[in-house]
Amino acid sequence: MMKKSIRLLLILVLTMPLFLFNTNNYAATGGEVVINEICWMGTTTSAYDEWIELYNNTNTNINLNGWTLNAVDGTPSINLTGTIPAKSYYLLERTDNTSVPNINADLIYTGSLENSSETLQLKDNNGNVIDSVNSWHAGNNGTKATMERINSNIGGTVSTNWNSSTLTYQCGYGTPKALNSNSSSGLGSWTPGNLEIHHINIGQGNATLIVGPTGRSMLVDVGESYWNSNADASVVGPYVENVLGTKYIDYVLITHFHCDHIGYIGYGGLWNLVEQQDFVIGQMIHRDYNNYLGQTSSTFRNWKTYLEGTGNNKLNPIIAVEGTNLIDLGSGVTVDIITCDGNGAILQGDFSNDAYPPSENDYSIGLKLSYGDFDEWIGGDLDGEFCTSNYGYSYHDIELSVAKEVGDVDVYLVNHHGSDHSSNATFVNQLDPEVSVVSVGDSNTYGHPRQCVMDLILATSDVYLTERGDVNTNIGNGIVSGNIVIKTSDGINYTVNNNSYVASNPNRVDSDGDGYYNEVDPDDGDNTIMPQPKGGLDPLYQP
């Protein structure tokens, strides 16, 4: 009896590691992870810049530690590490992290692929073949078009399940970490070929998902209405996954460090998406708080600590710079960062200990999204007047300098939820939108949207609101819509919640050459005489 008990105890001890220490290893049987795209020919930059993309077909994150991706001839021979998220991608770049510009590799490998052909095998940590490719069934060395899988649920040795990519990226034709141009997998609700802009209703906050025609994605802000809540992240996460069919987002751009635009560490917002919902972010873009700092808060301080600590590897943060080179949402789409850190309208420096430092809103990142004739402005809480708040900080008219850089747009995501510290007459009339979107909450205590702002935007545009906002504001013909979704397939005709519009680039006139249209600044024959900042200039920060 004693010997049987000892033997039973030994069996239990020896088998314990199987269920105590391998809980992150997915029991793969074949096809769960597939070889999804192969840049066997290199890129327009260099023939050495080869890359391979894997795709996770399942709804479960899969631990790739111990997995291998090998060519049958022995080169390359790659030992995989890390995790591939559910319904998401894993990018392998040869030699260094520059083979695919602006997209971080999940693994760097060495060893070249033969241009003639290769047989590749993907094996799990038990040596089981999970997927294989037996030839270069597609791809073009002349145009540097990658070989793309058509259906991720059909085998990699089926020659008709591969095509050459037809969508451009910076280095040829391909869709690194995005839906393949010839995909028939039906990953999410987004329609390939469409530019889609989803203004997600999270009440008194902002969260905007942009999906380019090739499937490249960007989430602009992911706020919370309340600091100690994850209620809005619980809306945003499933919404984004439903649209994209994946928990991978190419870019997250945070306009500024206020809770209603980023959430609070340990609770909601972007932190919740990454730490609690297992989203994977290709690149986070934020403003330069090291050189431009005014009003601060616990939201900002906690995010600074997180970004410079444990969050650095998860979010891959970079500092926003003005221009069109930072964000690539696919062929034909331009993301122009027009303003960040005050747009030169306020002094550089750390003023956080001053009596009335610049508002964090002054430093908001603002961008113009363009596709064909279609343009939309997204600018966080950008301020449009100089005044001193009762809460120990000061607003400044940043909109004035930004307005002439933005020009005419079709859609205006209204700055600062319709606050009267923003959307001044110069800015709104310079942009002259056909559609205005107000992201606002019913229960807000700020009076948003303010009547003067509603009057301005109603005079120039159809107005859609995520919620009704302050009941004391007359919203006129404004349409309370919940989520507000804008779609265009050609950059000309677009819809807002299925209502049809036509984008245009009107020939507006700036007679005196000062950058402001005549509707804003009548021809005075002098390009040095321009509209004045609302509320004047601040002698402390705008000398």
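This structure is a prediction, so every number in the text was calculated from the model and none was measured.

1. Considering the overall build of the protein
At step 1: Scanning the protein from N- to C-terminus turns up 9 helices and 34 strands.
At step 2: Here the C-alpha atoms of the protein give a radius of gyration of 26 Å, agreeing with the 24 Å that 2.2 N^0.38 yields for 543 residues.
At step 3: Along the first, second and third principal axes, the C-alpha set of the protein runs to 90 × 65 × 40 Å.
At step 4: A buried classification covers 56% of the 543 residues belonging to the protein.
At step 5: Of all intrachain contacts in the protein linking residues separated by at least 6 positions in sequence, the fraction that spans at least 24 positions is 64%.
At step 6: Surface exposure of the protein reaches about 21100 Å², of which carbon and sulfur atoms provide 49%.
At step 7: Here the protein contributes 22 positively and 62 negatively charged side chains, and the mean placements of these two sets differ by 16 Å.

2. Points about helix H9 (residues 451-460)
At step 1: If you check which residues of H9 are buried, you get Val453, Met454 and Ile457. The arc enclosing the buried residues of H9, seen along the axis, measures out at 100 degrees, which places them on a common side.
At step 2: Residues of H9 that are buried sit in contact with strand E28 (411-413), helix H8 (425-431), strand E29 (435-438) and strand E30 (462-465).

3. Structural notes on helix H5 (residues 298-307)
Because each turn of an α-helix spans 3.6 residues, side chains separated by three or four positions end up pointing in the same direction.
At step 1: When H5 is considered as a whole, its buried residues turn out to be Thr299, Phe300, Trp303, Tyr306 and Leu307. Taken around the axis of H5, the buried residues stretch over an arc of 130 degrees, which confines them to a single face.
At step 2: Along its buried surface, H5 packs onto helix H3 (259-262), helix H4 (269-275), strand E19 (280-286), strand E20 (292-293), helix H6 (312-315) and strand E21 (317-319).

4. A few points about the confidence of the model for the protein
At step 1: Of all residues in the protein, 94% have pLDDT values of 70 or greater, and the mean over the chain is 91.
At step 2: Low pLDDT, under 50, characterises residues 1-27; the predicted model gives this stretch 9 contacts beyond four residues in sequence or across chains.

5. Observations regarding the sheet that holds strand E9 (residues 120-123)
At step 1: Strand order in this open sheet of 4 strands is E5-E4-E9-E10, and the pairing throughout is antiparallel. For this open sheet the edge positions go to strand E5 (77-79) and strand E10 (129-133), each flanked by a neighbour on one side alone. If you compare each strand with its neighbour and ignore which way they point, the axes differ by 10 degrees on average.
At step 2: Of the strand pairs in this sheet, E9 and E10 are connected by 4 bridges, and their pairing is antiparallel. Bridge assignment links Lys123 to a residue of E10, and that residue is Val129.

6. Points about the side chain of Asp521
At step 1: Its location among the elements puts Asp521 in the segment after strand E34 (499-502).
At step 2: Buried charged residue Asp521 carries no salt bridge. Nearest counter-charge: Lys404, at 9.5 Å.
At step 3: When sequence neighbours within four positions are dropped, the list of residues in contact with Asp521 reads Asp512, Asp514, Tyr516, Ile529, Met530 and Pro531.

7. Re the nonpolar core
In a soluble, globular protein the nonpolar side chains are often hidden away together inside.
At step 1: Of all hydrophobic cores here, the largest spans 75 residues; its most connected members are Ile38, Leu54, Leu69, Leu80, Leu92, Leu270 and Trp303.
At step 2: For this core, the element with the most residues is helix H2 (residues 233-244), which contributes 6 residues.
At step 3: Ignoring anything within four residues of it in the chain, the contact list for Leu69 reads Ile35, Ile52, Leu54, Pro76, Ser77, Ile78, Leu80, Leu92, Leu120, Gln121 and Leu122.
At step 4: Counting 33 residues, the second largest nonpolar core, distinct from the first, contains Val411, Tyr464, Tyr494 and Ala503.

8. Examining the pattern of salt bridges
At step 1: What the rule picks out here adds up to 12 salt bridges.
At step 2: Between Glu308 and Lys304 there is a salt bridge; the shortest N-O distance is 3.3 Å.
At step 3: You can call Lys304 partly exposed: its relative accessible area is 27%.
At step 4: Within the structure, one salt-bridge network assembled from shared partners comprises Arg216, Asp250 and Asp328.

9. Digging into the pairing of strand E24 (residues 366-371)
At step 1: With 6 of its 6 residues buried, E24 lies for the most part within the structure.
At step 2: Going residue by residue along E24, you find Gly366, Lys368 and Ser370 tucked away on one face and Leu367, Leu369 and Tyr371 tucked away on the opposite face as well.
At step 3: Here 6 bridges tie strand E22 (residues 333-339) to E24, and the two strands are oriented antiparallel to one another. Note on E24: the bridge partner recorded for Val335 is Leu369.
At step 4: Bridge count for E24 against strand E25 (residues 374-378) is 5 bridges, and the pairing is antiparallel. Bridged to Leu369 within E25 is Glu376.
At step 5: The hairpin formed by E24 and E25 contains 2 residues between the paired strands, and Gly372 there has a positive phi angle of roughly 65 degrees.

10. Some words on the state of the cysteines
At step 1: Considering all chains together, one arrives at 0 disulfides under this definition.
At step 2: There is no disulfide at Cys387, and the cysteine sulfur nearest it, in Cys452, is 12 Å away.

11. Quick word on unusual backbone geometry
At step 1: Going from Thr75 to Pro76, the amide bond is cis rather than trans, its omega being 0 degrees.
At step 2: Position of Pro76 among the secondary structure elements: in the loop between strand E4 (68-71) and E5.
At step 3: Pro449 follows His448 through a cis peptide bond whose omega is -5 degrees.
At step 4: Inspection of the secondary structure puts Pro449 in the loop between E29 and H9.
At step 5: Phi is positive for Lys177, close to 55 degrees, though the residue is something other than glycine.
At step 6: With respect to the secondary-structure elements, Lys177 resides in the loop between strand E14 (172-173) and strand E15 (195-199).

12. A closer look at the environment of Ile78
At step 1: As for its placement among the helices and strands, Ile78 is situated in strand E5.
At step 2: Classification of Ile78 as buried rests on a relative accessible area of 3%.
At step 3: Along the chain, Ile78 and Tyr109 lie 31 residues apart, while their C-alpha atoms are 6.5 Å from each other.
At step 4: Setting aside anything within four residues of it in sequence, one finds Ile78 in contact with Trp67, Thr68, Leu69, Asn70, Leu92, Leu107 and Tyr109.

The rules behind each value
Residues numbered from 1 in each chain as written. Predicted model: local features only at pLDDT ≥ 70, side-chain atom pairs only at ≥ 80, totals over all residues. Heavy atoms only, no water. Helix = DSSP H or I, 4+ residues; strand = E, 2+ residues; numbered from the N terminus. Rg over C-alpha atoms; globule rule 2.2 N^0.38 Å. Buried < 20%, exposed > 50% of the residue type's maximum accessible area, 1.4 Å probe, protein only. Contact = heavy atoms within 4.5 Å. Areas by Shrake-Rupley, 256 points an atom, 1.4 Å probe, with all protein chains shown as cover. Lys, Arg positive; Asp, Glu negative; His and termini not counted. Charge placed at Lys NZ, Arg CZ, Asp CG, Glu CD. Arc of directions from axis to C-beta. pLDDT = per-residue confidence, 0-100. Pairing = 2+ DSSP bridges. Axes fitted to C-alpha atoms, helices over the stretch in contact; angles between N-to-C directions. Salt bridge = Lys/Arg side-chain N within 4 Å of Asp/Glu carboxyl O. Core = buried A, V, L, I, M, F, W, Y, C linked by side-chain atoms within 4.5 Å. Disulfide = S-S within 2.5 Å.

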